[in-house]
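# Commentary on secondary and tertiary structure
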Amino acid sequence: MAVSSAATASVSPVADQVIFAAVLAFSSVSLQQPTATGNGLTWAVVAAVDLDATRKLTVFRAQGAAPSAGAITFDFAGVTQTSFVWSIVQYDVAGPEAQNKTATSIGNDITVTLDNALDSASSRMLVFIASVSVVPSVDADFTQLSARLVGTNNIHLLAEHAAGQSSCTGSGTAQARGAVGVEVAAV
C-alpha cells in the first residue's frame, strides 16, 4: 500500500535507555527525508544514506526519562512511499552514540568502518544494512538483531551488532546497498 506516513506496532521504550529506529523506504516520486515521532520522545536523525535514486535509509535515535508506550510514526511530508520497512533496536545504555559512519555500494560487499576504535570492549557497533533485491549477509563477527523484507520493490533491512568491533562487512551479489554504523558507547 502506498502511503506518505506509516506507524509501527506499539513499542515500549525503557526509561533512560537509547532506542534506535531505522527506516528504509522506496518512492518512485522522489527521495524524502522522513521524520519520526512517538513515545513522548524527541527523535533525531543519526544518519541517512541514499541507496540509489529511489531508496533511502534513515536511522533515528531517541532517549528519555519517561517515555510512553505506543507507535513510532515515520512521516514523509506528503511524498508517497510505495514500500518501506523499519527496525527498532534498544540498548541498556544511557550515553549518546560516540560516532557514526555511512557507506554505499553497488558491488558484492558493503563495508562500513567507524573512524575510531570503539571506546571499550563493552561498547557496541550497531549496523543497519539496506539492500535492493538481495538479502545482505551478517558479518561473521556480528550478531543479527533483525532482518526485514518487503517484497514490493525488493527492499531488505538487516540490523546487527557486536562488542569491540569498529568495522562491518555485509556480503551479497551486486545490488544497490547502503549502511549506517553507529558506536553505542557503554557508560
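Higher on the page you've got the structure.
What the protein chain contains, in helices and strands, is 0 helices and 15 strands. Over its C-alpha trace the protein chain gives a radius of gyration of 16 Å, about what one expects of a compact globule, namely 16 Å for 187 residues. By principal-axis analysis of the C-alpha atoms, the protein chain measures approximately 40 × 40 × 20 Å. Here the protein chain holds 187 residues, and the buried ones make up 50% of them. Residue pairs in contact within the protein chain that sit at least 24 positions apart in sequence constitute 79% of those at least 6 positions apart. Carbon and sulfur atoms provide 49% of the accessible area of the protein chain, an area that totals close to 7600 Å². Distance between charge centroids for the protein chain: 6 Å, based on 7 positive and 13 negative side chains.

What follows covers the nonpolar core. Within the largest apolar cluster, 26 residues are counted, with the highest numbers of intra-cluster contacts made by Phe20, Leu57 and Phe128. Contributing elements (two or more residues each) for this core: strand 2 (18-26), strand 5 (44-50), strand 6 (55-62), strand 8 (83-91), strand 11 (124-132), strand 13 (155-163) and strand 15 (177-184). Among the nonpolar cores identified, the runner-up in size contains 17 residues, and Val3, Ile19, Trp43 and Ala62 belong to it.

Turning to the pattern of salt bridges, a few remarks are in order. Under the counting rule described, the total for this entry stands at 3 salt bridges. In this structure, Arg55 and Asp52 form a salt bridge, with 2.7 Å as the shortest nitrogen-oxygen distance. Given a relative accessible area of 10%, Arg55 falls into the buried group. On the accessibility criterion, Asp52 (26% relative accessible area) is partly exposed.

Notably, Asp16 is not glycine yet its phi reads approximately 65°, a positive angle. Relative to the helices and strands, Asp16 is located in the loop between strand 1 (5-7) and strand 2. Given a relative accessible area of 41%, Asp16 falls into the partly exposed group. The phi dihedral of Asn39 is positive, around 65°, even though this residue is not glycine. Inspection of the secondary structure puts Asn39 in the loop between strand 3 (35-38) and strand 4 (41-42). The exposure class of Asn39 is buried, given its relative accessible area of 4%.

Reading guide: rules and limits
- Residues numbered from 1 in each chain as written.
- Predicted model: local features only at pLDDT ≥ 70, side-chain atom pairs only at ≥ 80, totals over all residues.
- Heavy atoms only, no water.
- Helix = DSSP H or I, 4+ residues; strand = E, 2+ residues; numbered from the N terminus.
- Rg over C-alpha atoms; globule rule 2.2 N^0.38 Å.
- Buried < 20%, exposed > 50% of the residue type's maximum accessible area, 1.4 Å probe, protein only.
- Contact = heavy atoms within 4.5 Å.
- Areas by Shrake-Rupley, 256 points an atom, 1.4 Å probe, with all protein chains shown as cover.
- Lys, Arg positive; Asp, Glu negative; His and termini not counted.
- Charge placed at Lys NZ, Arg CZ, Asp CG, Glu CD.
- Core = buried A, V, L, I, M, F, W, Y, C linked by side-chain atoms within 4.5 Å.
- Salt bridge = Lys/Arg side-chain N within 4 Å of Asp/Glu carboxyl O.

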